[in-house]
Amino acid sequence: MNADRLPPVAPEVTATLVEDLSPRLRKRLDAMVTKLGARPTHRDGDTVTIAVDDETELRLHAPGGVVATADDITCGCLLAPACVHRAAAACAAPTADMELVDRPTQADPGPASATDPAPDSSPAPDSSPEVASPAQRAAADALWRAGAAVLEAGVDGAGAVTQSALLRAAHTARLRHLPRAAGAALSVVTLVRAARAGDPSYRTAELVTALAELLGTAHRVGRASGAELAAVRGSARRPYSPDGSLRLYGLFTEPVVTDSGHGGVRTWVAGTDGRLCTVGDVAPGGVGRALGVADRAVRLGDSALTHRELGRAGLAVSGATVSPDGRLGAGKGVKAVTARGAAWTEPPLAALWETPPSEQAARALRSTSRYADPDGGGRDLLFLDVELLGAVREPGGTCLLALCEGGVAVRLTVADDDPALAHRDNLMLLATAPGTRLRIIGRLVPALHPRLTLLACSHPAGEGTIDLGLDRLRRADLPDPAASVHVAPPQPGGSGEHSPLYLLERRVEQTVPAGRAALGMLGDVTAETRRLRRAGLPTAAGLLTALCTAAAQRDRDLFGRLLPADTDGFATYWLTAARYTAAVAESLCAAAWEPTQAGPAAAASAPGQGGRRA
């Protein structure tokens, strides 16, 4: 049974079912989750049935697509409803987006306290800056403890019971108007489950980021005030504000496939002032839905354009509403009609490619910083004119090397490796055409070298554009190899790329799979700290020493018995190290985008000079 075949379950439902189990049944929970994963399922309307065995069935009823109450999960075994099967089914299913669960459940701890401020409240002009309420601080403390417990146990030890505690804390945080921290907690649960299930798309670095975001946000709640508190709390729903009349020009359409089983597309458009907006259609359905929705009509006014067509056409919108992250609203008052589009080489779109790459990268880094307050609005996109250099092998696979303005060598990677999408095939085909010049759109990947996920490009034959996740290039679309000017690929490098910062980064990452105890057994780090100090990173050296010392430290009482580990102290050291390495890495990334030389001709004559030394 694939978890995607089960309907998403509200976090509080899973938490309630796990909390109601007896200690004996909790010990059997992880094994039962694994067992149910191998059992067949059947969907009939809003109900999914799991065959526990030849005589027993589990039913998950999901009106509206979400299992929103504990009573929506029923079991036919003799021990029901106090059986382990119901809790195991909830733990095996995806976690529902809390914004989709709008009706109260049995697990609700009650309405928010009267002392809780509304999400958009602000202090009166003569009052002191607003601070978190006692209920919010208590919710943040619960999130910190639950996140620290995951860090203590590691993925291997963070079973259903540990995940349940995090889900309960996330639900309480949502009720206390802390949606940012609650969302981070759900991300941690989703990634832990993916890791434990052996999901090939799982990356430890993503769980490191999610855990650090959870712990860092929870830590800041009790210390922030005023505008900082508003950013730390976040916004449960993206508010749309009126934006009058807009003239929009299509840029490209990208498929969207999420870990939670949702699929769809996002079409990017630009206004006359260069501001980026999106029109999206994402819902449960996975990659199959993403491919199908691309050819459906856009849900905006009276326009009959499909998403693919909008990516190359234009719209005239009146009564427009736009969210802070650039999403166009589709309310009843919005009117939209088809209008002429613009080529990437024509105004107003051509202006997007006129900003120097280093300035675009700096803007994108401010938007995509792992732990910065959310910004959005498409600022992580880069618009570059490049010359393709060929394929480059990396530990994680093959990427495409290209040269952009200033002699900066950029690695172009796939946005999604799903074989149903066209990303991988298109990138591999482009890698066979060195010397080809293209206008591209990519999303910044923060790294110690210039790196983008490639989303769209001008057609190699010079006509139109290509949505690289949806359209499939053919070899006939590429220029004649004999006519191509082959440029010797520069060797991307520089001191930033070989920075010993990884010595601290890997210890941060090693904690996540196996927990604090495993890090404590890794041995002496004196040689590593010495190397960090020689490289001018004394703070990194101090953090590495403190982190490993905290991991190995276990005090004893007067009778020689081991005392409980200082989970809170270790989590603090780990969070500090994670945030520090991210900040330094982002600084090195910004430096890597700085111009290095005159351009492709210089690269051809000096192939070893592809990266500026940071």
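The preceding data block contains the structure.
As the structure is a computational prediction, the values presented were derived from the model and not from experiment. (Residues numbered from 1 in each chain as written. Predicted model: local features only at pLDDT ≥ 70, side-chain atom pairs only at ≥ 80, totals over all residues. Heavy atoms only, no water.)

1. Remarks on the overall build of the protein
Okay, step 1: Scanning the protein for helices and strands turns up 18 helices and 15 strands.
Okay, step 2: For the protein, the proportion of its 614 residues judged to be buried stands at 51%.
Okay, step 3: Pairs at least 24 apart in sequence give 66% of the contacts found in the protein among residues at least 6 apart.
Okay, step 4: Entry remark: accessible area of the protein is about 27100 Å², with carbon and sulfur atoms responsible for 53%. (Helix = DSSP H or I, 4+ residues; strand = E, 2+ residues; numbered from the N terminus. Buried < 20%, exposed > 50% of the residue type's maximum accessible area, 1.4 Å probe, protein only. Contact = heavy atoms within 4.5 Å. Areas by Shrake-Rupley, 256 points an atom, 1.4 Å probe, with all protein chains shown as cover.)

2. Topic: the nonpolar core
Okay, step 1: By size, the foremost hydrophobic cluster in this structure holds 71 residues, and its most contacted members are Val188, Leu207 and Trp574.
Okay, step 2: If you list the elements that add at least two residues to this core, you get helix 4 (134–157), helix 5 (160–175), helix 6 (179–196), helix 7 (204–221), helix 8 (226–233), helix 13 (502–514), helix 16 (538–552) and helix 17 (567–592).
Okay, step 3: Counting residues per element, this core draws most heavily on helix 17, which supplies 11 residues.
Okay, step 4: Among residues more than four places away in sequence, those in contact with Trp574 are Leu151, Val208, Leu211, Ala212, Leu215, Val508, Thr511, Val512 and Leu547.
Okay, step 5: Ranked by size, the runner-up nonpolar core spans 33 residues in total, among them Val18, Leu25, Ile50 and Ala70. (Core = buried A, V, L, I, M, F, W, Y, C linked by side-chain atoms within 4.5 Å.)

3. Thoughts on the sheet that holds strand 3 (residues 57–61)
Strand pairing in a sheet relies on backbone hydrogen bonds. The paired strands run either parallel or antiparallel.
Okay, step 1: Spatially, 1-2-3-4 is the arrangement adopted by the four strands of the open sheet, whose pairing is antiparallel. Sheet topology places strand 1 (41–44) and strand 4 (73–75) at the edges, where each strand pairs with a single neighbour. Taking the axes of each pair of neighbouring strands and ignoring which way they run, one obtains an average angle of 20 degrees across the sheet.
Okay, step 2: As judged from the four bridges shared by strand 1 and strand 2 (residues 47–51), these two strands associate in the antiparallel manner. By the bridge assignment for strand 2, Arg43 is matched with Val48. (Pairing = 2+ DSSP bridges. Axes fitted to C-alpha atoms, helices over the stretch in contact; angles between N-to-C directions.)

4. Observations concerning the sheet that holds strand 8 (residues 314–322)
Okay, step 1: One open sheet accounts for five strands, arranged 7-6-5-8-9; its pairing is antiparallel. For this open sheet the edge positions go to strand 7 (276–284) and strand 9 (335–339), each flanked by a neighbour on one side alone. Between one strand and the next, the sheet's axes are offset by a mean angle of 35 degrees, whatever the strand orientation.
Okay, step 2: Relative to the sheet, helix 9 (residues 286–293) contacts strand 5 (241–257), strand 6 (262–271) and strand 7, its axis offset from that of strand 6 by approximately 40 degrees.

5. Points about the environment of Val287
Okay, step 1: Mapped onto the elements of the fold, Val287 is located in helix 9.
Okay, step 2: Separated by 32 residues in the primary sequence, Val287 and Pro255 have C-alpha atoms spaced 8.1 Å apart.

6. Here we look at the pairing of strand 6
Okay, step 1: The buried fraction of strand 6 amounts to eight of the 10 residues, a majority that puts the element mostly inside the structure.
Okay, step 2: Across nine bridges, strand 6 lies against strand 7 in antiparallel orientation. From the neighbouring strand, Val265 faces strand 7, where its bridge partner is Asp281.
Okay, step 3: In this antiparallel pair of consecutive strands, strand 6 and strand 7, the connection spans four residues, and Gly274 shows a positive phi of 85 degrees.

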